[in-house]
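What follows is each chain in one-letter form.
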Protein chains: 2
Amino acid sequence: MNEFYATERNEIASDWFVDLSTEICSTFEELELELPSSQQEDIKPGQFSYRKTTRKPEGDKETGGGLMAKMVAGKVFEKVGVNVSTVYGTLSPEMVKVLNKRKTIKKEQSSFWATGISVVTHLNNPRVPAVHFNTRMFATEQEVWFGGGMDLNPCLENTKETARFHKALKDICDKHDESYYLKFKEQADKYFYVPHRERARGVGGIFFDDLDSGHWEKDFAFVRDIGNTFLDVYPSIVSDLQEEEWTPEDKEKQLLHRGLYTEFNLIYDRGTKFGLVSKHDPEAVLMSLPPLAKWA
Amino acid sequence: MNEFYATERNEIASDWFVDLSTEICSTFEELELELPSSQQEDIKPGQFSYRKTTRKPEGDKETGGGLMAKMVAGKVFEKVGVNVSTVYGTLSPEMVKVLNKRKTIKKEQSSFWATGISVVTHLNNPRVPAVHFNTRMFATEQEVWFGGGMDLNPCLENTKETARFHKALKDICDKHDESYYLKFKEQADKYFYVPHRERARGVGGIFFDDLDSGHWEKDFAFVRDIGNTFLDVYPSIVSDLQEEEWTPEDKEKQLLHRGLYTEFNLIYDRGTKFGLVSKHDPEAVLMSLPPLAKWA
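The text that follows walks through the structure, step by step, so that each part is easy to find. Along each chain, the written sequence defines residue order, and numbers are assigned to residues from 1. Chain letters and ligand numbers both follow the written order, the letters beginning at A and the numbers at 1. Confidence filtering applies because this is a predicted model: local features only for residues at pLDDT of at least 70, side-chain atom pairs given and counted only at 80 or more, and all residues used for totals across whole chains, interfaces and linings. Note: side-chain values were computed over all heavy atoms of the structure, leaving out hydrogens and water.

It is worth spelling out the sheet that holds strand β6 (residues 144–153) of chain B at this point. Residue and element names in this part refer to chain B. By definition, two strands form a pair when at least two bridges between them are found by DSSP. A run of H or I in DSSP counts as a helix once it spans at least four residues, and a run of E counts as a strand once it spans at least two, with each numbered from the N terminus. Across the sheet, which stays open at both edges, the seven strands sit in the order β1-β2-β3-β4-β5-β6-β9 with antiparallel pairing between neighbours. What marks the edges here is a single partner per strand, and that holds for β1 (49–54) and β9 (204–211). Averaged over all neighbouring strand pairs, the angle between strand axes comes to 10°, with direction disregarded. Pairing of β6 with β9 involves six bridges; the strand directions are antiparallel. Among the inter-strand pairings, F146 is bridged to a residue of β9, identified as L211. Any pair of residues with heavy atoms lying within 4.5 Å of one another is described as a contacting pair. Axis lines are fitted through C-alpha atoms, for helices just across the contact stretch, and the angle between N-to-C directions can take any value from 0 to 180 degrees. Contacts from helix α1 (residues 8–34) reach β1, β2 (64–72), β3 (77–90), β4 (111–123), β5 (130–140) and β6, with the element oriented near 10° to β4. Against the sheet, helix α3 (residues 159–176) makes contact with β5, β6 and β9, and its axis sits at roughly 30° relative to β9, the strand it touches most.

Here it is, written out as structure tokens:
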């Protein structure tokens, strides 16, 4: 590890993402313990299993990795993945291409360091919306910035819960900067769109790819608050909807919606692309894929 | 339709692909009538339903389309798609990028004309391999070439049937050119590979992306023979294996293998990419996706 990698700032950021992941996992396991099954019998409360993940070495140099927490076949969660990783090394041309928003990454062979968290849920009850949440810090030798987003993916409309999700995001954005919410909501609408289907993949949320106000502390405080908001709003939506009744037709819609979700993730998602071209552990990169999906 | 589009050669080629699709559909429907169910009860023989497909117009100009034949929930076939299409118009920069093998397509705004057939099967019985078959003719104002391929996708090894599939392809290649088989088999091994999983998606077959010997008649005869070989070998493999017994573990392996198949098709497949960037009917482009797939 050279000086660029091992800064106090990097350590603070990666520690935060690890702490957040621990909290998310324990909150989700509490939901499994507290909530009833959803029209299914004999399901034990789900528990996370953990596996270390490794990015492919560059020659003989290690390039970081992370921890993948996965819960499958729970009472509430059919599958959840919570990934944290801290990866570093040299930017390849393919990685630069995926990161093409940053003007300073023109030079290949630049060193990078990145840390982040990524959460994706797939629920048993089709009336409970799936969610995606991701925040990260990215550093090159020239710059440091944050990125992330959170979007709700119901397969059946629920105006009330959707409004609640958006309001929580608006409130936390407004606390930091009154220009954030509108901008980040619009970026989410643009990002979480499936062009070939000419439709949104879900009901959106916020997305920011390139946050660098010039004040690292300020930006990091915002990113932390986004994480706390996720912990605040999503488990609460899940609790409220877990006992909603659903039909086989609802389940069918859910499985088809997961097909759409898969299309987005594999064709368009930049996080997935970056994960694959940077040769991170494919199981971790693709942990977002649904446990079961249908195409008509 | 201008002179470039409406040549006799184009008509002969597109007629052939349509005739082949009709034969494939009737052969598959015969299998549904003749073969027993596979450890399932009360399944009626499957039948194809047909839908016209349309490429998105360029301004007010139509750009072609085709016919999608789809069978779902049959005795043998859980899902089969047989697509034929004839599309034309102006090459966009995105389309040129996907076709980057052809040196003469440097000029954007070039007219193109393409016709082809694409077949993908997903079986009820996990002991019967899925297959992908596709052949096409592509013309620009400067050139005409053929492309295509065929690969077998068993989720459980069956050395005998795999050998039979490869032998049928070798025999027909050898009939046309003794250099073809080795070359096209190697191209298939390279093409049908999933880099992020570091494995092949199936057991391969043949793949040729850019066949132009300078003799259109000769190349077209080869492409026709590949179509006839598909009709000859694949239904016969299906017949032989339909009565093989399978376990729930076999079904699980099949659903996971379909996950891998989905990853390949959405991340790497050039046909899928071209279909999407050329704005062909998304249902037709993505007809290859499995009826049901799993990710662990």
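Text resumes after the structure shown.
This next bit is on the pattern of salt bridges. All names here are of chain B. Any Lys or Arg side-chain nitrogen found within 4 Å of a carboxyl oxygen on Asp or Glu counts as a salt bridge. Tallied over the full model, the rule gives 36 salt bridges over all chains. Close ionic contact of R258 with E78 constitutes a salt bridge, the shortest N to O distance being 3.0 Å. Of the two residues, R258 is situated in helix α6 (residues 248–267) and E78 in strand β3; the sequence distance between them amounts to 180 residues. Each residue is placed in one exposure class: buried if its accessible area under a 1.4 Å probe, protein chains only, is under 20% of its type's maximum, exposed if it is over 50%, and partly exposed if it falls in between. Judged by relative accessible area, which is 16%, E78 ranks as buried.

This next bit is on the packing of α3(B) against helix α4 (residues 180–191) of chain B. Residues and elements named next belong to chain B. For the pair α3 and α4, interaxial distance at closest approach is 8 Å and the crossing angle is 130°. Considered as vectors, α3 and α4 are oriented oblique to each other. Residue-level inspection shows H166, L169, K170, C173, D174 and H176 of α3 in contact with α4, the latter providing Y180, Y181 and F184. Of the residues in the contact of α3 with α4, the class split is five nonpolar, two polar and two charged. Oblique is the label for every angle not falling under 35 degrees (roughly parallel), over 145 degrees (roughly antiparallel), or within 65 to 115 degrees (roughly perpendicular). Residue classes follow a fixed rule: Ala, Val, Leu, Ile, Met, Phe, Trp, Tyr, Cys and Pro count as nonpolar, while Asp, Glu, Lys and Arg count as charged, and any other residue, Gly among them, counts as polar.

Our next topic: the interface of chain A and chain B. Interfaces are frequently sized by the accessible area removed from exposure as the parts join. Facing 22 residues of chain A, the contacting portion of chain B comprises 22 residues. Carbon and sulfur atoms make up 61% of the area that chain A and chain B hide from each other, which totals about 2000 Å². Linking chain A with chain B are four salt bridges, by the criterion used here. Polar contact is defined as a pair of N or O atoms within 3.5 Å, subject to the rule that within protein one atom must be able to donate a hydrogen and the other to accept it, and that residues adjacent in sequence are counted only when both atoms are side-chain atoms. For the interface between chain A and chain B, the tally reads eleven residue pairs in polar contact (both at pLDDT 80 or more). Where the side of chain A that touches chain B is concerned, the elements lending two or more residues are α6 (248–267), α8 (282–285) and β10 (292–294) of chain A. Ranked by the residues each element gives to the side of chain A that touches chain B, the list is headed by α6(A), at four residues. In terms of residue class, the side of chain A that touches chain B is built from twelve nonpolar, two polar and eight charged. As paired strands, β10(A) and strand β10 (residues 292–294) of chain B are joined by three bridges and run antiparallel to one another. When the bridges of β10(B) are listed, A293(A) appears paired with A293(B). A simple way to read buried area is as the amount of 1.4 Å-probe accessible surface that goes missing from two parts once joined, with both sides added.

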